[in-house]
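A look at the structure
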Amino acid sequence: MSSKIIRDALALTAITLVAGLALGAVYGITKDPIARQEELARQEAYQEVFPDAEQFQTLNLDTARAEQIREGLDAEGYTQDSIQEVNEALDEDGRLLGYAITVLSTAGYGGEIRFSMGVGLDGMVNGISFLSISETAGLGMKADTEEFRGQFAGKQVEAFAYTKNGASAENEIDAISGATITTSAVTDAVNAGLCAFRLLGTDN
């Protein structure tokens, strides 16, 4: 083996090592600020969907309960939706008002869609607040507008359905024009959250 090949190999190894160390250092520096920003975004979303709550307490789902929710979602056909987190919404005296539920959908046109939704103890949906969505600009991204999001707020229904002909029933949501996939993904994910809420209630 020539000395040039050895030198090139050593140089490449050194470059790779330095790049790896640099990336590790950057990750170490940015990890905590990113985590803090994500936590802040979650807290703001919880407050948006449950403005009457004074505090939010994470509900630790044991394995059996998590499996019960997963099986319930699958049984209802929400196989592309999952419950990432459940927080109890509490008033100033610590009384339970309902739940702030974080739902993840993998059915979006542009990838994953994640949002928090507030559900009162009576099953009333307070609203939804997106944590991450990257649908098509001017089409699917209209999901993250008050015009669309607001359709879920103040509704107490078993499940939502979307329509292209103008919503006329309490459970109907006007579809986003040209973005049926996004509309369907969000609607199903909200229904998955409602399904999880009902399953949580079986243990209350």
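What you see as residue numbers is a count from 1 along each chain, following the sequence as written. Side-chain atom pairs in this predicted model are given and counted only at pLDDT of 80 or more, local residue features only at pLDDT of at least 70, and totals for whole chains, interfaces and linings cover all residues. Think of the side-chain values as coming from all heavy atoms in the structure, minus any hydrogens and water.

Let us look at the packing of helix H2 (residues 63–75) against helix H4 (residues 180–201). Interaxial angle, 0 to 180 degrees, is taken between N-to-C directions of lines fitted to C-alpha atoms, where a helix line uses only the stretch in contact. Starting at the N terminus, helices and strands are each numbered in turn, a helix being any DSSP run of H or I of at least four residues and a strand any DSSP run of E of at least two. The geometry of H2 relative to H4 is characterised by a closest axis approach of 10 Å and an angle of 135° between their N-to-C directions. Put simply, H2 runs oblique to H4. In the crossing of H2 with H4, the sense of the turn from one axis to the other is right-handed. Only Ala-192, Cys-195, Ala-196, Leu-199 and Leu-200 of H4 make contact with H2, whose side of the interface consists of Arg-65, Gln-68, Ile-69, Gly-72 and Leu-73. Tallied by class, the residues present in the contact of H2 with H4 amount to 7 nonpolar, 2 polar and 1 charged. Convention used here: angles under 35 degrees read as roughly parallel, angles over 145 as roughly antiparallel, angles from 65 to 115 as roughly perpendicular, and any remaining angle as oblique. Definitions for this section: a left-handed crossing has its near helix turned counterclockwise from the far helix by less than a right angle. A right-handed crossing has that turn clockwise. Only heavy atoms enter the contact rule, under which two residues are in contact if any of them lie within 4.5 Å. Each residue is assigned to one of three groups, with Ala, Val, Leu, Ile, Met, Phe, Trp, Tyr, Cys and Pro labelled nonpolar, Asp, Glu, Lys and Arg labelled charged, and all others, Gly among them, labelled polar.

Next up on the list: the environment of Glu-135. Tracing the backbone through its elements, the reader meets Glu-135 in the loop between strand S5 (125–132) and helix H3 (146–149). Counting along the chain gives 57 residues from Glu-135 to Tyr-78, while the straight-line C-alpha distance between them is 20 Å. Apart from the residues lying within four places of it in its own chain, the contact partners of Glu-135 are Gly-108, Tyr-109, Gly-110, Gly-111, Ile-113, Gly-140, Met-141 and Thr-182. Definition of a polar contact: a pair of N or O atoms within 3.5 Å, with one able to donate and the other able to accept a hydrogen when the atoms are protein atoms, and with sequence-neighbouring residues admitted only if both atoms are side-chain atoms. A polar contact of 2.7 Å, which involves the side chain of Glu-135, links it to the backbone nitrogen of Gly-110.

So, about the environment of Asp-93. Summarising the element assignment, Asp-93 is placed in the loop between strand S2 (81–90) and strand S3 (96–105). Given the relative accessible area of 53%, Asp-93 is considered exposed. C-alpha separation for the pair Asp-93 and Gln-55, spaced 38 residues apart in sequence, amounts to 9.8 Å. Side chain to side chain, Asp-93 and Arg-95 meet in a polar contact 3.3 Å long. The cut-offs for exposure are 20% and 50% of the maximum accessible area for each residue type, with area from a 1.4 Å probe on protein chains only; residues under the lower value are buried, those over the upper are exposed, and the others partly exposed.

Criterion for a salt bridge: a side-chain nitrogen of Lys or Arg within 4 Å of a carboxyl oxygen of Asp or Glu. By the definition in use, this model includes 7 salt bridges. Between Arg-149 and Glu-146 there is a salt bridge; the shortest N-O distance is 3.7 Å. Note that Arg-149 and Glu-146 are positioned in helix H3 at a spacing of 3 residues, about one turn of the helix. Among the residues examined, Glu-146 registers a relative accessible area of 53% and is labelled exposed. When the shortest N-O distance is used, the salt bridge between Glu-158 and Arg-198 registers 3.6 Å.

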